[in-house]
Amino acid sequence: MAVTRTFSIIKPDATRRNLTGAVTKMLEDAGLRVVASKRIRMTREQAEGFYAVHKERPFFGELVEFMTSGPVVVQVLEGEDAVKRNRDIMGATNPANAEPGTIRRELAESIEANSVHGSDSDENAAIEIAFFFQPDEIVG
Ligand code: RTP
Ligand code: MG
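Note that the coordinates shown come from a computational prediction; the quantities given were computed from them, not determined experimentally.

Details of the site of ligand 1
Every one of the 15 residues lining ligand 1 counts as a neighbour, but Lys11, His54, Thr93, Glu112 and Asn114 are closest to it. One nitrogen or oxygen atom from the side chain of Arg87 is found 3.1 Å from an oxygen atom belonging to ligand 1. Note that an oxygen atom of ligand 1 is positioned 3.0 Å from one of the side-chain N or O atoms of Asn114. Surface burial for ligand 1 is 81%, taken as the share of its 560 Å² of free accessible area covered by protein chains. Those elements that provide at least two residues to the shell around ligand 1 are helix H5 (82-90) and strand S4 (116-118). Grouping the constituent residues of the shell around ligand 1 by class yields 5 nonpolar, 5 polar and 5 charged.

Given below as structure tokens:
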């Protein structure tokens, strides 16, 4: 299996509860390596742009409010089959449906405040990484 990269966000519900380290440990224990990381407060424009694919969804407005409600940590993760590996350790979108041992089952608050984002394909990972990072900010 090839070593690839994915994009992750530790969401405001997790930073508010001081779970940045706890989330990162679960990612590392799953075999992923943090090769870029920064703590930012997303602007409304960034959140709307990042989630543009969800523009027509009923939860879009609330999602933008939530993602701009506090600090987030944006990260690039590297590992074998990184996109799938990350989605496996994240668990289902709704923590109530997520498997025990996953980040969302163990740490998330709700379907919206679900602690982490992870890219859903290699193609989207590349787009999402470029949305937040310059190439020289990523050190593999
Ligand atoms: P993500 O994109 O964050 O990795 O999560 P996902 O694929 O599991 O979920 P997606 O359907 O892409 O939704 C993106 C984010 O929107 C929020 N959401 N709220 N209120 C709702 O019904 C609802 N549904 C989704 C979540 O924060 C979700 O991660
Ligand atoms: Mg998604």
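Let's talk about the sheet that holds strand S2 (residues 33-40)
In spatial order, the strands read S2-S3-S1-S4; together these 4 strands make up an open sheet with antiparallel pairing. A single partner strand is all that each edge strand has here, and the edge strands are S2 and S4. This sheet shows a mean twist of 20 degrees between the axes of neighbouring strands, independent of strand direction. As paired strands, S2 and strand S3 (residues 72-80) are joined by 7 bridges and run antiparallel to one another. Along S3, the bridge assignment pairs Val34 with Leu77.

Remarks on the nonpolar core
Judged by nonpolar contacts, the single largest core of 22 residues is most densely connected at Phe7, Ile9, Met42, Met67, Val74, Phe132 and Phe133. The leading source of residues in this core is helix H4 (residues 60-67), at 5 residues. Residues within four places of Phe7 in sequence aside, it is in contact with Phe50, Val74, Gln75, Asn86, His117, Gly118, Ser119, Ala125, Glu128, Ile129, Phe132 and Phe133.

Focus: the UniProt feature "active site" (unreviewed entry) in the protein chain
With numbering matched to this structure, UniProt assigns "active site" (unreviewed entry) to His117. Mapped onto the secondary structure, His117 falls in strand S4. Residue classification places His117 among the buried residues on the basis of a relative accessible area of 11%. When near neighbours in sequence (up to four residues on either side) are disregarded, His117 contacts Phe7, Ser8, Ile9, Lys11, Phe50, Tyr51, Asn86, Met90, Arg104 and Glu128.

Quick notes on the confidence of the model for the protein chain
Taken residue by residue, the protein chain gives an average pLDDT of 98. The fraction at 70 or more is 100%. Both scores are given for the predicted complex: the pTM is 0.97, the ipTM 0.91.

Describing unusual backbone geometry
Located in the positive-phi region is Asn18, a residue other than glycine, with phi close to 60 degrees. In this structure Asn18 comes out as exposed when scored by relative accessible area, which is 69%. A positive phi is found at Asp81, a non-glycine position, where the angle reads about 50 degrees. The residue Asp81 is located in the loop between S3 and H5 in this model.

Digging into H5
Of the positions making up H5, those classed as buried are Ala82, Val83, Asn86, Ile89 and Met90. Taken down its axis, H5 places every buried residue within 140 degrees of arc, on the same side. Here the buried face of H5 lies against strand S1 (3-10), helix H2 (20-29), S3, helix H6 (103-107), S4 and helix H7 (122-132). Gly91 sits one or two positions beyond H5 and adopts a positive phi of about 85 degrees.

Conventions used here
- Residues numbered from 1 in each chain as written.
- Chains lettered and ligands numbered in written order.
- Predicted model: local features only at pLDDT ≥ 70, side-chain atom pairs only at ≥ 80, totals over all residues.
- Heavy atoms only, no water.
- Near = heavy atom within 4 Å.
- Polar contact = N/O pair within 3.5 Å; in protein donor to acceptor, adjacent residues only side chain to side chain.
- Areas by Shrake-Rupley, 256 points an atom, 1.4 Å probe, with all protein chains shown as cover.
- Helix = DSSP H or I, 4+ residues; strand = E, 2+ residues; numbered from the N terminus.
- Nonpolar A, V, L, I, M, F, W, Y, C, P; charged D, E, K, R; others polar.
- Pairing = 2+ DSSP bridges.
- Axes fitted to C-alpha atoms, helices over the stretch in contact; angles between N-to-C directions.
- Core = buried A, V, L, I, M, F, W, Y, C linked by side-chain atoms within 4.5 Å.
- Buried < 20%, exposed > 50% of the residue type's maximum accessible area, 1.4 Å probe, protein only.
- Contact = heavy atoms within 4.5 Å.
- UniProt positions renumbered as here; feature names shortened; annotations may be inferred.
- pLDDT = per-residue confidence, 0-100.
- Arc of directions from axis to C-beta.

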